[in-house]
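Examination of the molecular architecture
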Amino acid sequence: MTLPASLLATLPGDHYTDPGIFGLEQSRIFESHWIAAARSADLPTPGVFRTVHIGRESILLVRGRDNGLRAFFNVCRHRGAKLCVAEAGEVRRNLQCLYHAWTYGLDGKLVAAPNLTKMPDIDRVEYGLVGVHLREWLGYAWVCLADEPPSFEDTVMGAATTRLGDPELINRWEMDELAVGRRITYDVKANWKLIVENFMECYHCATIHPELTDVLPEFADGYAAQYYVGHGAEFASEVRGFTIDGSEGFAKLAQLTQDQDRRYYAVTVNPQVFINLVPDHVIFHRMYPMAPDRTIVECDWLYSKEVVAAGKDVTHSVELFHRVNEQDFEACERCQPAMSSRVYARGGVLVPTEHHIAAFHEWVTSRIS
Amino acid sequence: MIPVCAVDDLPVGEAVRVEAEVPIAVFNADGVLYAIDDTCTHQDASLADGWLEGCVVECPLHASCFDLRTGQPTGPPAKKPVRTHEVEVREGVVYVRPSMSAVA
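This is a predicted model, so every value here is computed, not measured.

Concerning the overall build of chain B
Assigned secondary structure in chain B consists of zero helices and 10 strands. Listing each helix as α and each strand as β along chain B from the N terminus yields β-β-β-β-β-β-β-β-β-β. Here the C-alpha radius of gyration of chain B, 12 Å, is about what a compact globule of 104 residues would show, namely 13 Å. Each principal axis of the C-alpha distribution contributes one length, and for chain B these read about 40 × 25 × 20 Å. Out of the 104 residues belonging to chain B, those deemed buried represent 43%. Look at the contacts in chain B between residues 6 or more apart in sequence, and 35% of them connect residues 24 or more apart. Computed over 7 positive and 16 negative side-chain charges, the separation of the two mean positions in chain B equals 9 Å.

Description of the confidence of the model for chain B
Summing up the model confidence of chain B, the mean pLDDT is 93 and the portion of residues at 70 or higher is 96%. Taken together, the chains of this predicted complex give a pTM of 0.92 and an interface ipTM of 0.86.

Some remarks on the UniProt feature "domain: Rieske" (unreviewed entry) in chain B
Per the UniProt record, the feature "domain: Rieske" (unreviewed entry) sits at residues 2–96 of chain B. Secondary structure across residues 2–96 of chain B divides into 0% helix and 46% strand, with the first and last C-alpha atoms of the span separated by 5 Å.

Comments concerning the packing of aromatic side chains
Here the distance between the centres and the angle between the planes together describe a pair of aromatic rings. All names here are of chain A. Overall, the coordinates contain 17 aromatic pairs over all chains when judged by the stated rule. Arranged with centres 5.6 Å apart and planes meeting at 85 degrees, the rings of Phe250 and Tyr303 form a pair that is edge-to-face. With Phe250 in the loop between strand E13 (233–234) and strand E14 (263–269) and Tyr303 in strand E17 (residues 294–303), this residue pair connects regions lying 53 residues apart in the sequence. When its relative accessible area of 0% is taken as the criterion, Tyr303 is described as buried. Counting every residue linked through ring pairs, the aromatic cluster contains Trp34, Trp137, Tyr140, Trp142, Phe152 and Phe284.

Some points on the pattern of salt bridges
By the definition in use, this model includes 26 salt bridges over all chains. Between Arg323(A) and Glu211(A) there is a salt bridge whose closest N-O contact spans 3.2 Å. Here Arg323(A), found in helix H7 (residues 315–335), pairs with Glu211(A), found in helix H5 (residues 210–215); they are 112 residues apart in sequence, far enough to count as distant. Assessed through its relative accessible area of 16%, Glu211(A) is described here as buried. Put simply, Arg17(B) and Asp38(B) hold a salt bridge, and the shortest N to O gap is 2.6 Å. One end of the pair, Arg17(B), is in strand E2 (residues 15–18); the other, Asp38(B), is in the loop between strand E4 (32–37) and strand E5 (51–53), and 21 residues separate them in sequence. In this structure Asp38(B) comes out as buried when scored by relative accessible area, which is 0%. Salt bridges here are not isolated pairs; linked through shared partners, they connect Asp42(A), Arg183(A), Arg286(A), Glu298(A) and Asp300(A).

Some details on the domain arrangement of chain A
Residue and element names in this part refer to chain A. Here the domain parsing of chain A yields domain 1 (1–30 + 164–369) and domain 2 (34–149). Averaged C-alpha coordinates put domain 1 and domain 2 at centres separated by 31 Å. Between domain 1 and domain 2, the residue contacts involve 22 residues of the former and 18 residues of the latter. Roughly 1600 Å² of surface becomes buried between domain 1 and domain 2 when both sides are summed, with 60% attributable to carbon and sulfur atoms. The largest per-residue losses of area from domain 1 upon contact with domain 2 belong to Gln26, Phe30 and Tyr288, which jointly make up 25% of the total buried on that side. The interface formed by domain 1 and domain 2 holds one salt bridge in total. Here Asp42 and Arg183 are joined by a salt bridge, their closest N and O atoms 2.6 Å apart. Those elements giving two or more residues to the side of domain 1 that touches domain 2 turn out to be helix H1 (19–30), strand E12 (179–188), strand E15 (273–278), strand E16 (281–291) and E17. With five residues, E16 is the largest single contributor of residues to the side of domain 1 that touches domain 2.

What counts and what doesn't
- Residues numbered from 1 in each chain as written.
- Chains lettered and ligands numbered in written order.
- Predicted model: local features only at pLDDT ≥ 70, side-chain atom pairs only at ≥ 80, totals over all residues.
- Heavy atoms only, no water.
- Helix = DSSP H or I, 4+ residues; strand = E, 2+ residues; numbered from the N terminus.
- Rg over C-alpha atoms; globule rule 2.2 N^0.38 Å.
- Buried < 20%, exposed > 50% of the residue type's maximum accessible area, 1.4 Å probe, protein only.
- Contact = heavy atoms within 4.5 Å.
- Lys, Arg positive; Asp, Glu negative; His and termini not counted.
- Charge placed at Lys NZ, Arg CZ, Asp CG, Glu CD.
- pLDDT = per-residue confidence, 0-100.
- UniProt positions renumbered as here; feature names shortened; annotations may be inferred.
- Phe/Tyr/Trp six-rings, centres within 6.5 Å; stacked < 30°, edge-to-face > 60°.
- Salt bridge = Lys/Arg side-chain N within 4 Å of Asp/Glu carboxyl O.
- Domains from an automatic or database assignment.
- Buried area = accessible area lost by both parts, 1.4 Å probe.

Here it is, written out as structure tokens:
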């Protein structure tokens, strides 16, 4: 079927429901690309750990005695018990399996096991925890489960450069220096791609985001920040800050210039990160697909350390994007059940202000086919 | 006497396991050398792989603690002591003299 020139096809409906396709996405996308796994500051001291669900794996992040952050498959090398069961915690000395007490150092090396001295042929590195590649950027620990990861510079940093048009621009927000003012976790009953597609377009903004379009009037025209290169959507003239009611926010972050003031920038880092940049804070989304129809979204609101340390009220600031999130996720959840409808078997269509989403579809398709 | 290692190879906070008739662990606790049986009396694990804090070593497996000076358990689950052994440094080399007492 030929589409009118105004329209491009979306992915077929089964791409949002089929367990086989979801499995391919888990292995070839989420277990093969760089994934933002944790805020580095959430692992402040040696022995503090977090477990994160990435693709079909549980990944353990832990800060070592040398203060370095490391990531491992959360699997005991002996008989496969899950090493750390809690989502977050702290160990005093070592990481120890609850089953047979195989004991690993914070560097992953096998330190002790019952009768290990009688098995001198067991190499303590070879039978240590299996490591996962880790990079820190923007204050987050990004991990890649692939044996040979794609270039971090090209894929992750490159996504920010492509959108902002300048590799240095994102550094002006000094995100590794910011502190988490609020974190909200959303359990969204929708396929992860519906959430990405939603974030990439603003055709829906005037309909479901009244508060956001009050602050960013150009969003009512339907062109998302992702439509452009280097474009920040301008605040309405009467708006004082990026807040639920347009009231005053906080001081502009130190390294930003007038060019970035009173503007909103957005970056999508495939496959699971959205970065929203405004003058006084950053909203950072991380997505973790759990099932074809379920995605956990962790959203951090990052402010200057001074704002967080002083205990300033971030409610008005958080409320704007929290409401946007709820509006967006409700829309995604509204779409999910129809993905298996026979009328959506061939998918839907993208209007011109959404045509750039086709590039995301090509990105997904080329990886799973 | 059994030679263990060069004294320079046993820095403060470190331990080394010696394969004697019964394995022995030699510790450098803040500059003082101590030797005890290497094997925890609770379950077979090397105390040389444990955590040294002051004059106490904590077993890496189940956190039993032993006083390096006496060999006495100072923290559960171990109940029986380990033997202590004489340590000597001669011309930059650490030696241990295995204790003749029966294994505890």
